Amino acid sequence: MIAYLGLFSTSFIIAMVLWPFAAAVLTLPILAGLYHRHHRLRLTAATSAYLSVLYLLGLVSFTLYPMPDEPQVYCAAHHLTPQLDPLRFIDDLRTGGLYGALQLLMNVALFTPLGFIIGRWLHARWRGALFGGFAVSLLIEISQLTGFWGLYPCTYRQFDVNDLMTNTLGALLGFGVAKLFGVWAPTAAAPGREDVNRKPGVLHRTVTLVIDMIFVAVVYFTLTIIVVLVFYQVARPLPNGDFQLFGLFAVGVDWLNYVAPVTAGLAFLLFELVIPLRHAGQTWGGLFTHMTVETKPRTGGRKALFYTVRTLVLGALSVMLVAGVVNGGGLAAIACYGFAALFLFGLFARRMPWDLLPGDKNPDLSKRDEEPIGVLTADSSGETGGNPEMRE
């Protein structure tokens, strides 16, 4: 077994290193969806989402990606043919003994989490687990048979019909475990559509900020491309390298270097300042995940100070991060340390530094904010709602 794994050393190491980080990135959209549905997220739900993605990514990565390091040598020495006998496992158990039994049990265990995910998170019936487990297993087996659909010059793992059977059995077993688990820990009901989380945790804030930054990137990239394309369409090139604009005056091209930073800054101010000011502290990401950055009622100078500090801190760190990535140097590292410090502060203090700024002296609103509630509704009546099981 060790000698066999040695044939996959390089790709196996790459998969092991990238696996947890890729899973973390792919988990963010799921967390955003959970926040959109529940407005808050328990640590167990966030952990379950990450482990589910980690499992699914690992299922694909470690059954398909690790390939023998030397294709020509491996293909010359190995000629794998499909195993199509559905009763072959009987001979394997008879001749393989404990090793044969463990191999079958491992195939069952490999797909048990898939059945659990189908039953618990996708809320499918047993047929969904049956066909889902079989379809995923069949896709993996065919991919191995075809050398990952031609990416590898030969079949580097054997197509085995017994794997289809044991994998599908594992998915059904996982589905049964999910149903039994659901009796002990039923899923929480979603709150109302108008509920808004006024006390978001650091993970909620992080997911929301990532969504906002995606909008910022899309807008500033699009605007930058449009400005550059329009300039080269409208301006006429001159022999000295300048351009004549509208047939009136000549301009150089150095100003184009400032288009991306300016559009990025404008996009950032739009999504992190203008929009939350007009929507009671909810950015576009906050509107999707049902949270507001205004954790205290503020008006006038207090509100201006709050948004000034928040915009300057996040804006400065974002500028340093982008400048460091584009131009090199230590700015990117400083920005990463800054974001990490904010994350740790929010993790332990359960608020951001700018939330420490004073709010309005309104006894009713202050009392409402101090109540240990699950979800605060946006209703002007000040009543609260939500399932306490959805607290972070």
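Preceding this section is the structure that the text describes.
Residues numbered from 1 in each chain as written. Predicted model: local features only at pLDDT ≥ 70, side-chain atom pairs only at ≥ 80, totals over all residues. Heavy atoms only, no water.

Novice: Teacher, can you tell me more about the overall build of the protein here?
Specialist: A tally of helices and strands in the protein yields 15 helices and 6 strands. Long-range pairs, those at least 24 residues apart, make up 72% of the contacts in the protein between residues at least 6 apart in sequence. (Helix = DSSP H or I, 4+ residues; strand = E, 2+ residues; numbered from the N terminus. Contact = heavy atoms within 4.5 Å.)

Novice: Would you take a moment to explain the packing of helix α10 (residues 202–234) against helix α11 (residues 259–278) for this structure?
Specialist: Two numbers describe a pair of packed helices, the interaxial angle and the distance between the axes. At a minimum axis separation of 8 Å, α10 and α11 run at an interaxial angle of 140°. On the basis of the axis angle, α10 is oblique to α11. Here α10 and α11 pass one another in a crossing that is right-handed. Two secondary-structure elements touch here, α10 through Leu209, Asp212, Met213, Phe215, Val216, Val219, Tyr220, Leu223, Thr224 and Val227 and α11 through Val259, Ala260, Thr263, Ala264, Ala267, Phe268, Phe271 and Glu272. (Axes fitted to C-alpha atoms, helices over the stretch in contact; angles between N-to-C directions. Parallel < 35°, antiparallel > 145°, perpendicular 65-115°, else oblique. Left-handed = near helix turned anticlockwise from the far one by under 90°.)

Novice: Just checking my understanding: could you explain the environment of histidine 38 for this structure?
Specialist: When you line up the elements, histidine 38 lands in helix α2 (residues 9–38). The exposure class assigned to histidine 38 is buried, which follows from its relative accessible area of 13%. Along the backbone, histidine 38 and histidine 290 are 252 residues apart, and their C-alpha atoms lie at a distance of 8.5 Å. (Buried < 20%, exposed > 50% of the residue type's maximum accessible area, 1.4 Å probe, protein only.)

Novice: I keep staring at the packing of helix α6 (residues 98–120) against helix α9 (residues 161–184) and nothing clicks. Help me out?
Specialist: Contact pair α6 / α9: the axes reach a minimum separation of 5 Å and the direction vectors enclose 45°. Relative to α9, the element α6 is oriented oblique. α9 is crossed by α6, and the crossing has right-handed handedness. Considering only residue class, the contact of α6 with α9 consists of 11 nonpolar, 9 polar and 3 charged. (Nonpolar A, V, L, I, M, F, W, Y, C, P; charged D, E, K, R; others polar.)

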